[in-house]
Amino acid sequence: MRHYFRLTLKDTRFRMFWWIFGIASLTLMMPPAFQELYPTQADRDVLKTTMENPAIIAMTGPIQEGDYTLGVMFSHEMAVFMAVVVGLFNVMVANSLSRRKEDDGLLEVVLSRNITRSGIFASQVLVGILMNAILALVLFGGLQSFGYESMETAGNFLYVAQTFAFGLFFYGLTLLMAQMLPSADWTFGIMLSVLLLGYAYRAATDVAAPVLSVVSPYNWISRLSMYSDNEAVWLVPFILGPVFLFAAWLLFRNRDLGDSVIRLEAGRRSRNIRSHLRLAFTLSRALIISWLAGMLLIGASYGSILGDLETFIADNDMFLQMAGMGGGSLTIQFIGTLMVIVTTIGLVAPLMVMGKLLKEERRTHVEYLGTLNISRVRIMGDYLILSLSAGFLSMFLANVGMYAASLGVEEIGLTFGDYVSSVLNYFPAVLLFTGLSAFLIGLHPRLHALVWLYLLYNFFVSYLGQLLGLDDMYKILTPFHYLNETPSEAVDLRACLAVGGVGLVLMSIGLILFRKRDLA
C-alpha cells in the first residue's frame, strides 16, 4: 500500500500544488483588501445595509446578525464562493484517482501486482484527506498571521474546518459516484451538476424560501456564523463525507472492475461513429450536457431575484459602484454585471473540452488516430468546434434561464432579443479563451494550466474588482474591459471583432504548433 500511495501522491502532486496555491492565494489576499477598503466599523456598518438584498444573498448567502466586522465580512463574501472552487478541486482529483484510473485499466494492472483493493481505496482516501488538510493548514497559518482583532483563532479555525469538511464531503461523494456510474466522464459530469445545482438551489431558496435552503451544503456554511457566534454545530452535517467514503468502499470491495451499479449504456444498440467530431462529442457529452444544465439553472437563480432589485440599488452606494453610474435602469446595469459573471463561469466549459484533447494525447489516442490518416489539425479543429459550441450554449442557456425567471418583472423591460444580443456581445471572449487554450496546448501540454489561472484572474476582476476599486491597469488584461457591458450599453462591433480576431489568430497558431510539436 505504501508504494502505491507514494505513486498516487507523485501522480497528483503537481495538480494539488497549483490548486492549493490558487485557492490559498485568492482567499488570503481578501482580508487585507477588505481592511484597506473598509477600515472602520462605521464603514462596514454602511456596507452591511447594502448587502441585505436579494442579489447579494443569491451570490454569497444570507448575512449574519450582529456587527459586520472584518471577519464576518470576509466569511460572508468569500466562504460560499470559495466552497465552489474547493468542491471542484476535490471532484476532479477524486475522479482522476478512482474511475479515471479504472477506465484506463491501471487499477487492473495494480491488482495484478499483489496490491489489494483495500490498499488502493485507502490510498485514494488518504490523498483526499491529505490535500484538504494541507489546504486547511495553509489557510489557517495565513489567516492567523494577519492578527486582525475580529479574526480571532476560533473563527479562523472554524473557517478552515468548514473548508476541510466541505472538500471531504465532495471528495467522498465523488468516490461514491465513481462506483455507481459507468465511466469517469459520467462521474465528473454528474458531480459537476451536483456542485452547480447545489449552488443554484441555495441561491434561489436563500432568497425565496430560506427554510428549504437547509438541505444544501452551501447553506450549512452560512449557518456556521463564522467570526461571530461560531455555530460549530453546523459542521455535523458534513459527517456525510465519511459516510460517503464508507459506502464507496463497500461498493468498490464487492463489484467487478469496469462494472457499475447504474448501467446507463445497458440495452443500447451499438452504432458506428463515422467521424472524429462525433467521436469527440461522444467522449465529452456527459461533461457538456451536465455543464449546460447547470448554467441554465444558474441563470434562472439570478433571474429569480431581479424583481425588487431596483429598490435596493437606488439607495446603495456599493451597488451604484458595481452597476456603474451611467444612465438607464439601475437593474439593467446590474444585469450587465451579472452577465459578465455568468459569461466568466460559462468559459469553464470550453476549457474543459479542450482539456479532453490533452487527455487523449496522454493516452496515445492522438498518435493512433494519426495512423488512420486523421491529421492533428483535424483532431484539434474538432475539439475547437466542440469548445466554441459549448461556450456559446453555456452563455445562451444562462441568459435563457435569466430571461425566463424574470418574465414577471415588468420594470426590467428587456426582450429576449436583448439577452441574445448580450450572448453575441460576449461570445468573442469565448473565442479568445478557446484560442489561448489551443495556443498553449500547441506550445506544450503542461502550459495549458496557465489559461485556468488567467480565467481565475478574470473572475476575480469581474466578481470583486469593482468592489475593491481595482485600477484600470488590472482590467485592461481582461477581454471584458474592451467589450461593452450589454444590455445597458450597445454592442461595440469593433471591439467584438478585435477580441474575437485575437482569439482566431491564437487558434490558427495553436493548430500550426500542435501539428509540428512532438506528442507527449
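What you see is a predicted model, and the numbers here were worked out from it, not measured in a lab.

What follows covers the overall build of the chain. Summing up its helical and strand segments, the chain has 22 helices and 0 strands in all. By the burial criterion, 54% of the 520 residues in the chain qualify as buried. The long-range fraction of contacts in the chain, counting pairs at least 24 apart against all pairs at least 6 apart in sequence, stands at 78%.

Right, let's talk about the packing of aromatic side chains for a bit. This model, assessed by the stated rule, comprises 27 aromatic pairs. With 6.3 Å between their ring centres and 70° between their planes, Phe-14 and Trp-18 make a pair best called edge-to-face. Separated by 4 residues within a single helix, Phe-14 and Trp-18 lie in helix α1 (residues 2-28), roughly one turn from each other. Ring plane angle 40° and centroid distance 5.7 Å describe the contact between Phe-121 and Trp-249, whose orientation is recorded as tilted. Here Phe-121 is found in helix α7 (residues 117-146), whereas its partner Trp-249 is found in helix α11 (residues 240-254), with 128 residues between them in sequence.

Ranked by internal contacts, the top residues of the largest apolar core, which has 147 residues, are Phe-74, Tyr-159, Tyr-171, Trp-291 and Leu-357. No other element matches the 18 residues that helix α5 (residues 70-103) contributes to this core. For this core, the two domains that each supply at least three residues are domain 1 (1-262) and domain 2 (273-520). When sequence neighbours within four positions are dropped, the list of residues in contact with Phe-74 reads Thr-27, Met-30, Pro-31, Phe-34, Ala-79, Leu-143, Met-151, Tyr-159 and Tyr-227.

Time to look at the pattern of salt bridges. Applying the stated criterion across every chain, the model contains 9 salt bridges. Ionic pairing is found between Glu-102 and Arg-255, a salt bridge with its closest N-O pair at 2.7 Å. Of the two residues, Glu-102 is situated in helix α5 and Arg-255 in the loop between α11 and α12 (276-303); the sequence distance between them amounts to 153 residues. Classification of Arg-255 by relative accessible area gives buried; the value is 9%.

What follows covers unusual backbone geometry. Excluding glycine, residues mostly have negative phi values, and the peptide bonds linking residues are mostly trans. The omega torsion across Thr-486 and Pro-487 is 10°, close enough to zero to call that bond cis. As for its placement among the helices and strands, Pro-487 is situated in the loop between α21 (472-475) and α22 (493-516). Of note, Asn-373 is a non-glycine position whose phi angle comes to about 65°, a positive value. Note that Asn-373 resides in the loop between α17 (365-371) and α18 (376-405). Accessibility expressed as a relative area gives 74% for Asn-373, which makes it exposed.

The relative placement of two packed helices is expressed as an angle between their axes plus a distance between the axes. Interaxial distance between helix α8 (residues 153-180) and helix α9 (residues 184-208) falls to 9 Å at its minimum, and their mutual angle equals 140°. When the axes of α8 and α9 are compared, the pair comes out oblique. The two elements α8 and α9 meet at a crossing, and its hand is right-handed. Every residue of α9 that contacts α8 at Phe-170, Leu-173, Thr-174, Met-177 and Ala-178 is listed here: Thr-187, Ile-190, Met-191, Val-194 and Leu-195. Within the contact of α8 with α9, the residues separate by chemical class into 8 nonpolar, 2 polar and no charged.

Turning to the side chain of Asn-425, a few remarks are in order. Structurally, Asn-425 is set in helix α19 (residues 416-443). Those residues in contact with Asn-425 that lie beyond four places of it in its chain are Leu-483, Asn-484, Thr-486, Val-491, Asp-492 and Cys-496.

Quick look at the environment of Leu-436 now. Checked against the element boundaries, Leu-436 lands in helix α19. Measuring from C-alpha to C-alpha, the distance between Leu-436 and Tyr-454 comes to 9.8 Å, with 18 residues separating the pair along the chain. Discounting residues that sit within four places of it in the chain, Leu-436 has contacts with Val-451, Tyr-454 and Leu-506.

Attention shifts here to a nonpolar patch on the surface. On the surface, a cluster of nonpolar side chains totalling about 720 Å² of accessible area is made up of Phe-14, Phe-17, Trp-18, Phe-21, Leu-443, Leu-447, Leu-450 and Leu-453. The set of elements that each furnish at least two residues to the nonpolar patch consists of α1 and α20 (449-468). Counting residues per element, the nonpolar patch draws most heavily on α1, at 4 residues. Locating Phe-21 in the fold gives a position in helix α1.

Time to look at the environment of Gln-179. Note on placement: Gln-179 falls in helix α8. In this structure, the C-alpha to C-alpha distance between Gln-179 and Phe-252, residues 73 residues apart in sequence, is 6.2 Å. Residues within four places of Gln-179 in sequence aside, it is in contact with Arg-99, Ala-248, Leu-251, Phe-252, Arg-255, Asp-259, Ser-260 and Val-261.

As a further point, take α12. Its 28 residues give α12 an end-to-end C-alpha distance of 38 Å, which sits within 8% of 40 Å, the value for a rise of 1.5 Å per residue. Most pronounced at Ser-284, the bend in α12 amounts to some 60°.

Time to look at the environment of Gly-503. As for its position among the elements, Gly-503 is in helix α22. When the C-alpha positions of Gly-503 and Gly-435 are compared, they lie 4.6 Å apart, and in sequence the two are 68 residues distant. Excluding residues within four positions of it along the chain, Gly-503 makes contact with Leu-431, Leu-432 and Gly-435.

Let us now look at the side chain of Thr-12. Mapped onto the elements of the fold, Thr-12 is located in helix α1. Contacts of Thr-12, omitting those with residues within four sequence positions, involve Leu-97 and Val-127.

Across the interface, α1 lies against α7 with an axial gap of 10 Å and an inter-helix angle of 25°. It follows that α1 is roughly parallel to α7 by the angle criterion. Seen along the crossing, α1 lies across α7 with a hand that is right-handed. Residues belonging to the contact of α1 with α7 are distributed by class as follows: 19 nonpolar, 6 polar and no charged.

What counts as what
- Residues numbered from 1 in each chain as written.
- Predicted model: local features only at pLDDT ≥ 70, side-chain atom pairs only at ≥ 80, totals over all residues.
- Heavy atoms only, no water.
- Helix = DSSP H or I, 4+ residues; strand = E, 2+ residues; numbered from the N terminus.
- Buried < 20%, exposed > 50% of the residue type's maximum accessible area, 1.4 Å probe, protein only.
- Contact = heavy atoms within 4.5 Å.
- Phe/Tyr/Trp six-rings, centres within 6.5 Å; stacked < 30°, edge-to-face > 60°.
- Core = buried A, V, L, I, M, F, W, Y, C linked by side-chain atoms within 4.5 Å.
- Domains from an automatic or database assignment.
- Salt bridge = Lys/Arg side-chain N within 4 Å of Asp/Glu carboxyl O.
- Axes fitted to C-alpha atoms, helices over the stretch in contact; angles between N-to-C directions.
- Parallel < 35°, antiparallel > 145°, perpendicular 65-115°, else oblique.
- Left-handed = near helix turned anticlockwise from the far one by under 90°.
- Nonpolar A, V, L, I, M, F, W, Y, C, P; charged D, E, K, R; others polar.
- Patch = residues over 30% accessible without salt bridge, like charges linked within 9 Å, V, L, I, M, F, W, Y side chains within 5 Å.
- Areas by Shrake-Rupley, 256 points an atom, 1.4 Å probe, with all protein chains shown as cover.
- Expected span 1.5 Å × (residues − 1).
- Bend = angle between axes of the 7 residues up to and from the residue.

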